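# Residue-level structural notes
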Amino acid sequence: ITPTTPAIEVEHLTVSYGAVPALLDVSFTIPQGQLVGIIGPNGSGKSTLVKAILGFLRPDIGNVRIFGIPAERTRRLVAYVPQRGSIDWDFPVTVEEVAMMGRYGNIPWWQWGASKQDREIVEEALSIVRMSDFRKRQIGELSGGQQQRVFMARALAQGARVVLLDEPFAGVDAATERAILNVLESAKQSGRTLVVVHHDLATAAEFFDSLILLKQRLFAFGTPAQVLLPELLSEVYDGH
Ligand code: ADP
Ligand code: MG
């Protein structure tokens, strides 16, 4: 991987759940070190795009490459911060254990093998997202926003070069929004590529280097100034 290798390449991606494609012929390339927003109305395929980039969904057509490598073979390089409330924690697991999964994967015996260095990495990641005080708490007892910060810590502990976040700002107060932005900015400063599903058009221009405007198809991809055009937005958001 050289600095000019694209972080994410999406080519002619078509993904269907049933008869109607959720994504149709979507193509774009994201360079390393960018903070990218995915915008579009409800049901426009934003979460589907994130899952396809992660290799969780098999496309009907097209492909995804991370640093030039097929997505299904780059698991450790890529981390996911799911949409809040999307996971039912029906088994007991602590904040610290979830963050430790970034080091050991999703294996129940992780704790027997955790080295001092792994513990330090996890402790630092929890401190960056300001969840150190919660390390022994059950994650299922925390708020959605706190759970997302734990997933962010897991992503940092994993050393992921690409982090995909699904609506991390939805329903958070201004102080939490600031805190999440700071974490994203510092991850970007360390060379990571961040792709964030975002709901709020009003803040899209100030948060992101570039934007993906989606409604089944890719309507626009570029700087906020190139994408946030009134005519384009009304075409996508007001429907036709
Ligand atoms: P967004 O995140 O932009 O709101 P999604 O990617 O969740 O959109 O959904 C895109 C489309 O795919 C919607 O029409 C949605 O109903 C459909 N869809 C999403 N997930 C599933 C699923 N698991 N099974 C069937 N249809 C789905
Ligand atoms: Mg969604």
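That block above? That's the structure.
Below is a summary of the structure that appears in this document. Remember, it's a predicted structure, so these values are computed and weren't measured experimentally. (Residues numbered from 1 in each chain as written. Chains lettered and ligands numbered in written order. Predicted model: local features only at pLDDT ≥ 70, side-chain atom pairs only at ≥ 80, totals over all residues. Heavy atoms only, no water.)

## A few points about the pairing of strand β7 (residues 162–166)
For a regular strand, side-chain orientation follows a simple rule: the groups alternate between the two sheet faces. This is how the line gets drawn: Here the term buried applies to any residue with accessible area under 20% of the maximum for its type, exposed to any over 50%, and partly exposed to those in between, with areas from a 1.4 Å probe on protein chains only. Strands are runs of DSSP state E lasting at least two residues, helices are runs of H or I lasting at least four, and both sets are numbered from the N terminus onward. Only strands that DSSP links by at least two bridges are regarded as paired with each other. Handedness of a crossover is defined as follows: orient the strands so they point away from the viewer, and if the path from the first strand over the helix to the second runs clockwise, the crossover is right-handed.
Counting buried positions over the 5 residues of β7 gives 5, a clear majority of the element. Burial of the side chains of β7 extends over both faces: V162, L164 and D166 are buried on one face and V163 and L165 on the other. Here strand β6 (residues 78–81) runs beside β7; their pairing, made up of 4 bridges, is parallel. Bridge pairing links V81 to L165 in β7. Direction of pairing for β7 relative to strand β8 (residues 193–197): parallel, over a ladder of 5 bridges. Bridge pairing in β8 places V162 opposite T193. For the segment spanning β7, helix α6 (residues 174–189) and β8, crossover handedness is right-handed.

## Let's talk about helix α4 (residues 116–128)
The periodicity of an α-helix, 3.6 residues per turn, causes residues three or four places apart in sequence to face the same way. For clarity, the threshold we go by: Expected span, for any helix, means 1.5 Å times one less than how many residues it has. For this quantity, the arc is that covered by the directions from the helix axis to the C-beta atoms.
With 13 residues, α4 should cover 18 Å at 1.5 Å per step; its first-to-last C-alpha distance of 18 Å lies within 8% of that length. Buried within α4 we find D118, V122, A125 and L126. Burial along α4 is one-sided: seen end-on, the buried residues are contained in an arc of 100°. Of the exposed residues in α4, the ones pointing more than 90 degrees away from its buried face are K116, Q117 and E124.

## Considering the site of ligand 1
Operational definition: Residues are classed as near a molecule or strand on a simple rule: at least one heavy atom within 4 Å of it. Polar contact is defined as a pair of N or O atoms within 3.5 Å, subject to the rule that within protein one atom must be able to donate a hydrogen and the other to accept it, and that residues adjacent in sequence are counted only when both atoms are side-chain atoms. Values of accessible area rely on a 1.4 Å probe in the Shrake-Rupley scheme; residue burial ignores everything except the protein chains shown. We call Asp, Glu, Lys and Arg charged. Ala, Val, Leu, Ile, Met, Phe, Trp, Tyr, Cys and Pro are nonpolar, and the rest, Gly among them, are polar.
Near ligand 1 the following residues occur: Y17, A22, P41, N42, G43, S44, G45, K46, S47 and T48. The separation between an oxygen atom of ligand 1 and a polar main-chain atom of G45 is 3.1 Å. Side-chain polar atom of K46 to an oxygen atom of ligand 1: 2.8 Å apart, as the coordinates give it. Surface burial for ligand 1 is 53%, taken as the share of its 560 Å² of free accessible area covered by protein chains. With 3 residues, the top contributor of residues to the shell around ligand 1 is helix α1 (residues 46–54). Looking at the shell around ligand 1 residue by residue, the class counts come to 3 nonpolar, 6 polar and 1 charged.

## Considerations on the sheet that holds strand β2 (residues 21–30)
Backbone-to-backbone hydrogen bonds join strands into a sheet, with any given pair of strands oriented parallel or antiparallel. Stated formally: Working rule for contacts: check all heavy atoms of both residues, and any pair within 4.5 Å makes them a contact. In this description, a line fitted to the C-alpha atoms serves as the axis of each element, helices being fitted only across the stretch in contact, and the angle between N-to-C directions of two axes falls anywhere from 0 to 180 degrees.
The 4 strands are arranged β2-β1-β4-β5 in an open sheet whose pairing can be described as antiparallel. Across the chains shown, the open sheet's two edge strands, defined by having one partner strand only, are β2 and β5 (69–70). Taken together, the 6 bridges between strand β1 (residues 8–16) and β2 define a ladder with antiparallel strand orientation. Within the sheet, the bridge partner assigned to I8 lies in β2 and is I30. Together, β1, β2 and β4 (61–66) form the strand contacts of α1, whose direction differs from that of β1 by roughly 120°.

## Focus: the sheet that holds strand β10 (residues 217–222)
Judged by pairing direction, the sheet is mixed, and its 6 strands sit side by side in the order β6-β7-β8-β3-β9-β10 without closing on themselves. A single partner strand is all that each edge strand has here, and the edge strands are β6 and β10. Mean inter-strand twist for the sheet, computed between neighbouring axes without regard to direction, equals 15°. Across the sheet, α1 is in contact with β3 (35–39), β6, β7, β8 and β9 (210–215); its angle to β6 comes to roughly 150°. Seen against the sheet, helix α5 (residues 144–158) touches β6, β7 and β8 and runs at an angle of roughly 175° to β6.

## Side note on the nonpolar core
Just so we agree on the cut-off: Side-chain atoms within 4.5 Å are what join buried Ala, Val, Leu, Ile, Met, Phe, Trp, Tyr and Cys residues into a set we call a nonpolar core.
Counting residues in each nonpolar core, the largest one holds 48 residues, and the members touching the most others are M152, V163, L165, L184, L194 and L213. Top contributing element to this core by residue count: α5, with 7 residues. With residues up to four places along the chain from it excluded, the contact list for L184 reads L35, M152, L165, F169, L194 and V196. The next biggest cluster of nonpolar side chains, apart from the first, holds 28 residues, and it includes I30, V50, V64 and V78.

## Here's the deal with the packing of aromatic side chains
To keep it simple, the criterion reads: Each aromatic pair joins two rings of Phe, Tyr and Trp (for Trp, the six-membered one) with centres within 6.5 Å, and gets the label stacked for planes under 30 degrees apart, edge-to-face for over 60, and tilted for any other angle. Counted as over-ring charges are cases with an Arg CZ or a Lys NZ within 6 Å of the ring centre that also lie within 35 degrees of the ring normal.
One pass over the structure, following the stated rule, counts 4 aromatic pairs. Centroid distance F56 to Y80: 5.5 Å. Interplanar angle 85°. Geometry classified as edge-to-face. Here Y80 lies in strand β6 and F56 lies in the loop between α1 and β4, a separation of 24 residues in the sequence. A relative accessible area of 47% means that F56 is categorised as partly exposed. Each ring, one from F169 and one from F207, has its centre 4.9 Å from the other, and the planes form 50°; the classification is tilted. You can see F169 sitting in the loop between β7 and α6 and its partner F207 sitting in helix α7 (residues 201–207), a full 38 residues away along the chain. Taken as a pair, F169 and F207 share a single burial class, namely buried. By the ring-pair criterion, three or more aromatic residues cluster together here, those being F169, F207 and F208. Against the face of F67 rests R161, its NZ or CZ located 5.2 Å from the ring centre.

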